[in-house]
Amino acid sequence: MDHFLYRDGALYAEDVPVAEIAAAVGTPFYVYSTATLVRHFRLFDEALEGMDHLVCYAMKAASNQAILKTLAAEGAGMDVVSGGEYRRARAAGVPGDRIVFSGVGKTAEEIRTALEGGIRQFNVESEPEMEVLSAVASQMGKTAPITIRVNPDVDAKTHAKIATGKSENKFGIPISRAREVYAMAAALPGIEVIGIDVHIGSQLTELEPFELAYQKVAELTETLRADGHDIRRLDLGGGLGIPYARSNEAPPLPVDYGALIKRTVGHLGCEIEIEPGRLIVGNAGILVSEVIYVKSGEGRDFLILDGAMNDLIRPAMYEAYHDIIPVIEPAPAAEQAPFDIVGPVCETGDTFARQRMMPPLSAGDLVAFRSAGAYGAVMASEYNSRPLVPEVLVNGDQFAVIRPRPTFDEMINRDTIPEWL
Ligand SMILES: *Cc1c(COP(=O)(O)O)cnc(C)c1O
């Protein structure tokens, strides 16, 4: 459920007509719903009720300061994957002890930044990283709390580019080598082993892979405890999928995911962390774009939009499906026809949908890409010198631009000319 619904024949974002935002901001733009963000965060928080837990929003999904502040006010922690994200979280007022640092390539510099500013834990992904962390922390006279990310070798049954829990993926250490690596960690100065971390992929539409992974984590917890490690925190990652096509998908609900967590690891008495990104923000955001031309081709017609792959790369990168709906509600009897829906970028990959059945649309009409809140704006670029797409946040009947569109001059003047030119 989200808060982008038709009312009296027009699409609203909560209580604001989308067309009103378009008139004020220009197209294309992203708009997020505060009520949806908060609702989704609470679904996770409530799903883990009764367990000592922290929901750490995976901010790589959408990292605007206003989104982070909205979630932090609800009590969210943050899962960061770079020094830049760490700084963004801190800038949004998130205390260090609510930030977990994930990622396979943390540099010594990033580690230092997090140790200086305060950190809940590092999720360590390799032995070399552990050695660097140990050295940096020792040098600073600190002790870094760590979990080690294990790769449970389960098939997440998701798109290959976002599966992370198979042995061939670059993430974590093989679970079969966990005892050895935990022993090594226990012997190193400057770090303290506090738990286990796992994250098997994104956009999972079944619970079974989670179940398999968490069972392995539960077994490993017992084994490591028997080896003498004080395993007291389990970071179970993110990855719960969302419905992209409203008509035919029903991914698992957070409440069932929570029950699964209780069933698989609840008896261990550990503090639980989860790191959802997509499910919190995916359906809390839409991308709004204007039809520039309706072009008739040979055997197929094109809707050419002013939004493009540089604004929303998911269809080009992951073959992702997004519902695309007119901002003016079509009449129930409106006849639909197939269109290829494309942007103006000079690449055939700049195609959002092929032969999509759409109601009648003309130049100047607005359309909305649903479920575009996650991995949308954060992956946007200025390819083809298209100024970075702006972001808007709605809260009830108010809206605010939370990242303005750069002017052409701002975009161009970011370049600097060497003195010999
Ligand atoms: C990307 C990522 C997440 C979030 O995944 P979603 O599918 O957006 O929930 C969580 N943890 C880690 C380590 C990640 O890399």
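For every chain, the first residue of the written sequence is number 1, and numbering continues from 1 onward in sequence order. Reporting in this predicted model follows two pLDDT cut-offs: at least 70 for local features of residues, and 80 or more for side-chain atom pairs to be given and counted; totals over whole chains, interfaces and linings ignore these cut-offs and use all residues. Each side-chain value is derived from all of the structure's non-hydrogen atoms; neither hydrogens nor water enter the calculation.

A. The arrangement of the nonpolar core in detail. Among the buried residues, those of types Ala, Val, Leu, Ile, Met, Phe, Trp, Tyr and Cys that are joined through side-chain atoms within 4.5 Å form a nonpolar core. Buried, partly exposed and exposed residues are distinguished by accessible area as a fraction of the type maximum, computed with a 1.4 Å probe on protein chains only: under 20%, between the cut-offs, and over 50%, respectively. Counting 98 residues, the largest nonpolar core has Tyr57, Phe122, Ile146, Leu234, Leu236 and Ile261 as the members making the most contacts within it. A total of seven residues in this core trace back to one element, the largest contributor, which is helix 8 (residues 208–226). Domain assignment of the residues forming this core places at least three in each of domain 1 (4–31 + 282–412) and domain 2 (34–279). When sequence neighbours within four positions are dropped, the list of residues in contact with Phe122 reads Phe101, Lys106, Ile111, Ala114, Leu115, Leu133, Ala144, Pro145, Ile146 and Thr147. Membership of the second largest hydrophobic core comes to 18 residues, among which are Ile286, Val288, Leu366 and Val392. The numbering of helices and of strands both runs from the N terminus, where a helix is a DSSP run of H or I of at least 4 residues and a strand a run of E of at least 2. Domain ranges listed in this record stem from an automatic or a database domain assignment. Residues are treated as being in contact if the distance between any of their heavy atoms lies within 4.5 Å.

B. Main features of the sheet that holds strand 3 (residues 16–17). Across the sheet, which stays open at both edges, the three strands sit in the order 1-2-3 with antiparallel pairing between neighbours. Edge positions in the open sheet fall to strand 1 (4–7) and strand 3, since each of these has one partner strand only. At least two bridges found by DSSP between two strands is the condition for calling them paired. In this sheet, strand 2 (residues 10–13) lies alongside strand 1 in antiparallel orientation, the contact comprising four bridges. Counterpart to Phe4 in the pairing with strand 2 is Ala13.

C. Fine view of the packing of aromatic side chains. Each aromatic pair joins two rings of Phe, Tyr and Trp (for Trp, the six-membered one) with centres within 6.5 Å, and gets the label stacked for planes under 30 degrees apart, edge-to-face for over 60, and tilted for any other angle. In the structure shown here, the tally under the stated rule is seven aromatic pairs. Between Phe44 and Tyr257, the ring centres sit 6.3 Å apart and the planes meet at 85°, which makes this aromatic pair edge-to-face. Separated by 213 residues along the polypeptide, Phe44 in helix 2 (residues 34–47) and Tyr257 in helix 9 (residues 254–265) bring together distant segments of the chain. Residue Phe44 shares its accessibility class with Tyr257, and that shared class is buried. For Tyr257, a relative accessible area of 2% puts it in the buried group. Among the aromatic residues, ring-to-ring pairing joins Phe44, Phe210, Tyr214 and Tyr257 into one connected group. In this analysis the charged atom, NZ for Lys or CZ for Arg, is taken to sit over a ring once it is within 6 Å of the ring centre and within 35 degrees of the ring normal. In this structure, Arg7 is placed above the aromatic ring of Tyr12, and the distance from its NZ or CZ to the ring centre is 4.6 Å.

D. A look at the domain arrangement of the protein. For the protein, the domain assignment lists domain 1 (4–31 + 282–412) and domain 2 (34–279). Put simply, the middle of domain 1 and the middle of domain 2, counted by C-alpha atoms, are 32 Å apart. The interface is formed by 24 residues belonging to domain 1 together with 23 residues belonging to domain 2. Among the residues domain 1 hides against domain 2, the three largest losses belong to Asn283, Tyr318 and Tyr375. Together they make up 27% of the total. Each salt bridge in this description consists of a side-chain nitrogen of Lys or Arg and a carboxyl oxygen of Asp or Glu lying within 4 Å of one another. Run the count over domain 1 and domain 2 and you get zero salt bridges. Looking at the side of domain 1 that touches domain 2, the elements with two or more residues in it are helix 11 (314–318), strand 20 (391–395) and strand 21 (398–403). Sorting elements by how many residues they give to the side of domain 1 that touches domain 2 places strand 20 first, with four residues. Any residue that is not Ala, Val, Leu, Ile, Met, Phe, Trp, Tyr, Cys, Pro, Asp, Glu, Lys or Arg is counted as polar, Gly included; the first ten are nonpolar and the last four charged. Looking at side-chain class alone, the side of domain 1 that touches domain 2 contains ten nonpolar, seven polar and seven charged residues. Buried area is understood as the total, over both parts, of accessible area removed when two parts are fitted together, assessed with a 1.4 Å probe.

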